[in-house]
Amino acid sequence: MSMLVDETVPPHQAAYDFSLFEEMESEVRYYCRKFPVVFGRARGAELYAEDGRMFTDFFCGAGTLNYGHNHPYLKRRLTEYLADDGVMHGLDMYTVAKRTFLHRLREHVLAPRGLDHKVQFCGPTGTDAVEAALKVARKATGRRGIVSFTGAYHGMSRGSLAVTGSRRARAAGQAGTADVTFVPYEDGPAGPFDSIGYLERMLADPSSGMDIPAAVIVEPLQMEGGVYPASADWLRRLRELTTRYGILLIFDEIQSGCGRTGTFFCFEHAGVVPDIITLSKSIGGYGLPLSMVLFRPELDVWSPGEHTGTFRGNQLAFVAGAAACELWGQDGFRTTAAVAARRLERFGTDLRGTDPALVVRGLGMVLGIDFGAAGGAERADRIQRRCFDAGLIVELCGRADEVVKVMPPLTIDLARLERGLTLLHQAIQAS
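What counts, and at which threshold
- All residue numbers here refer to positions counted from 1 along the written sequence of the relevant chain.
- Per-residue local features are limited, in this predicted model, to residues with pLDDT of at least 70; the limit for side-chain atom pairs, both in listing and counting, is 80 or more; totals at the level of whole chains, interfaces and linings are taken over all residues.
- The basis for the side-chain values is all heavy atoms of the structure; hydrogens and waters are excluded.
- Secondary structure elements are defined from DSSP: runs of H or I of at least 4 residues count as helices, runs of E of at least 2 residues count as strands, and each element is numbered from the N terminus.
- Throughout, the radius of gyration refers to the C-alpha atoms, and the reference size of a globule is 2.2 Å times the residue count to the power 0.38.
- Remark: exposure states derive from per-residue accessible area (1.4 Å probe, protein chains only) relative to the maximum for the residue type, with buried under 20%, exposed over 50%, and partly exposed in between.
- The contact rule is simple, with two residues in contact once any of their heavy atoms fall within 4.5 Å.
- Throughout, the Shrake-Rupley method with a 1.4 Å probe supplies accessible areas, and for residues the shown protein chains are the sole cover considered.
- Positive charge is attributed to Lys and Arg, negative charge to Asp and Glu, and no charge count is given to His or to the chain ends.
- The atom standing in for a charge is NZ when the residue is Lys, CZ when it is Arg, CG when it is Asp and CD when it is Glu.
- Every helix has an expected span of 1.5 Å times one less than the residues it contains.
- Between the rings of Phe, Tyr and Trp (Trp by its six-membered ring), a pair exists once the centres lie within 6.5 Å; its type follows the angle of the planes, with under 30 degrees stacked, over 60 edge-to-face, and the other angles tilted.
- Comment: the charge-over-ring label is applied if NZ (Lys) or CZ (Arg) is within 6 Å of the ring centre and within 35 degrees of the ring normal.
- Pairs of strands are assigned from DSSP output, requiring at least two bridges between the strands.
- Axes, fitted as lines to C-alpha atoms, cover a helix only where it is in contact. Angles between the N-to-C directions of the axes lie from 0 to 180 degrees.
- Nonpolar cores are built from buried Ala, Val, Leu, Ile, Met, Phe, Trp, Tyr and Cys residues. Side-chain atoms within 4.5 Å join them into one set.
- Residues adjacent in sequence count toward polar contacts only when both atoms are side-chain atoms; beyond that, a polar contact is any pair of N or O atoms within 3.5 Å, and within protein one must be able to donate a hydrogen and the other to accept it.

A. Fine view of the overall build of the protein chain. Scanning the protein chain from N- to C-terminus turns up 14 helices and 17 strands. In terms of C-alpha radius of gyration, the protein chain reaches 22 Å, essentially the compact-globule figure of 22 Å for 431 residues. Classification of the 431 residues of the protein chain by burial places 51% in the buried group. For the protein chain, the share of sequence-separated contacts (at least 6 apart) that also reach a separation of at least 24 residues comes to 73%. Surface exposure of the protein chain reaches about 19,100 Å², of which carbon and sulfur atoms provide 54%. A gap of 2 Å separates the mean positions of the 47 positive and 51 negative side-chain charges of the protein chain.

B. Up close: helix H10 (residues 232-244). Over its 13 residues, H10 runs 18 Å from end to end, which matches the ideal 18 Å to within 8%, given 1.5 Å per residue. Listed in full, the buried residues belonging to H10 are Ala232, Trp234, Leu235, Leu238, Arg239, Leu241 and Thr242. Contacts made by the buried residues of H10 are with strand E5 (146-149), helix H9 (195-204), strand E7 (215-218) and strand E10 (248-252). Positive backbone phi, at 70°, marks glycine 246, one or two positions downstream of H10.

C. Structural detail: the packing of aromatic side chains. In this structure the tally under the stated criterion is 19 aromatic pairs. Look at tyrosine 31 and phenylalanine 59: their rings are 4.9 Å apart centre to centre, the planes differ by 50°, and that puts the pair in the tilted class. With a gap of 28 residues between them, tyrosine 31 in helix H2 (residues 31-34) and phenylalanine 59 in the loop between strand E3 (54-57) and helix H3 (60-63) connect regions that are remote in the sequence. Relative accessible area serves as the criterion here: at 34%, tyrosine 31 is assigned to the partly exposed category. Joined through ring pairs, the aromatic side chains of Tyr30, Tyr31, Phe35, Phe39, Phe55, Phe59 and Phe388 make up one cluster. Sitting over the ring of tyrosine 228, arginine 361 keeps its end group 3.7 Å from the ring centre.

D. Representation of the pairing of E7. Of the two faces of E7, the one carrying Ala215 and Ile217 and the one carrying Val216 and Val218 are both buried. Note that E5 and E7 share 2 bridges and pair parallel. Directly across from isoleucine 146, in E7, lies its bridge partner alanine 215. By the bridge criterion, 4 bridges tie E7 to E10 in an arrangement that is parallel. Directly across from valine 216, in E10, lies its bridge partner leucine 249.

E. Representation of unusual backbone geometry within the structure. Even without being glycine, leucine 91 reaches a positive phi, approximately 50°. Residue position: leucine 91 is located in the loop between helix H4 (72-83) and helix H5 (96-110). You will see that valine 227, though not glycine, has its phi angle at about 60°, which is positive. The residue valine 227 is located in the loop between strand E8 (221-222) and strand E9 (228-229) in this model. Look at valine 227 and you get buried, because its relative accessible area is 0%.

F. The environment of valine 87, seen in detail. Mapped onto the fold, valine 87 is located in the loop between H4 and H5. Measuring from C-alpha to C-alpha, the distance between valine 87 and glycine 40 comes to 28 Å, with 47 residues separating the pair along the chain. Setting aside chain neighbours within four positions, we find valine 87 in contact with Tyr81, Thr95 and Gln315.

G. Seen up close, the sheet that holds E3. Strand order in the open sheet formed by 4 strands is E1-E2-E3-E15, with mixed pairing between adjacent strands. In this open sheet, the two edge strands, each paired with only one partner strand, are strand E1 (39-43) and strand E15 (392-393). Bridge analysis of E3 against E15 gives 2 bridges, and the strand direction is parallel. From the neighbouring strand, aspartate 57 faces E15, where its bridge partner is isoleucine 393. On top of the sheet, helix H14 (residues 414-430) reaches strand E2 (46-49), E3 and E15; it is set at about 95° to E3, its chief contact.

H. Structural view of the nonpolar core. Within the largest apolar cluster, 89 residues are counted, with the highest numbers of intra-cluster contacts made by Ile369, Val404 and Leu424. Ranked by the residues each element gives to this core, the list is headed by helix H11 (residues 315-327), at 10 residues. Sequence-distant contacts of valine 404, defined by excluding residues within four places in its chain, comprise Leu367, Gly368, Ile369, Phe371, Ala380, Ile383, Val394, Glu395, Leu396 and Leu424. Ala132, Ala214, Phe295 and Leu299 belong to the second largest nonpolar core, which has 23 residues in total.

I. Representation of the side chain of histidine 117 in the model. Here histidine 117 shows up in the loop between H5 and strand E4 (118-121). A polar contact is formed between the side chain of histidine 117 and the backbone oxygen of proline 274, at a distance of 2.9 Å. Apart from the residues within four sequence positions on either side, histidine 117 is in contact with Leu110, Val273, Pro274, Asp275, Ile277, Leu294, Phe295, Arg296 and Pro297.

J. The sheet that holds strand E6 (residues 180-183), seen in detail. Ordered by their spatial adjacency, 7 strands build an open sheet running E4-E12-E11-E10-E7-E5-E6, and the pairing between neighbours is mixed. Edge strands, defined here as strands with exactly one partner in the open sheet, are E4 and E6. Here the strands of the sheet are splayed against their neighbours by 20° on average, with no regard to which way each runs. Of the strands in this sheet, E4, E5, E7, E10, strand E11 (276-279) and strand E12 (292-295) touch helix H6 (residues 126-141), which is tilted by about 165° from E11.

Given below as structure tokens:
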């Protein structure tokens, strides 16, 4: 039986019979309701349904597939590793796959940026990296408080939910915000806010009610909050403030990292270095689960086995992640991504000229088209559905899902990028 076609389902029903999924899966499933087809194969920027329909993918697994589907360079490494009976599960033991990944990470990512951060592999998802980052920050400083920002999204487990802004997300997990102080992000639906000035006042005033926290956690580019890039000046001021008060600065690069914004890390454009960095999603290269925390060597206060996890080191993700790091040493890869980013930026500029109520934000290979004042969430939902019907997959984000988030693969060629942008433009015009 083919792994890509379910032969238990008649061909004429293959893409339309969802009964087994609906009978057996929890009601919590989400994206399948937005994109109701059965997918069977994928390559590059294209997804194929069982009925043969092709979709251009501007969703990229919510930022997990920055290098596209089944990138041939990465796939070759994986198939060779499997053919050689490579170790598949290793906990935190020493393996050839892990050594290769660490070497490539240092060679192509850390050393060129002057970073000497230690690496901690966590459980397989981004929320595990956030949990470990908060935990090590509290252990290293002996303080409990954390500062987070409105619009923040850091994960769905208890600690990461506590620093996530969404009331809806926290309510589902009955997660409180004890020890967490929320401050408005630099920008948001209500407009700009001098959050650094606010923090400065709170920290300087011994009667403000705010103790010196262990850490500040921030996304240099808020994705789920509505695609709000932090300015270089804001990040530099935040770095100066946290340094002055001995507060650790955590940059969450789980969705904005691995090249999505044009540089490997989003924070690079500000010329600052955080104390702690969380990475997941595309760090695994091929869509394979991998999650890690980078922190300055002096923050490595763990005792052996003090923070564990059965899947803290996906061997296949090490293989694909090492190959993905190597792509950053290839001129062709960087050129393709830069050309696509410039085209996406021009598209955003053109959109701004079509409707004064439309707000477009972005950086590198991500664009947020905000319909908050131009039809709201209902219009954004119509656009997403029109795009899907026409063969384009896009995600929504923002406080009320009023922002269309555009995230093509970094590896997309101009022809496929143009096809997707044309479909998106048509859907916007028709809505």
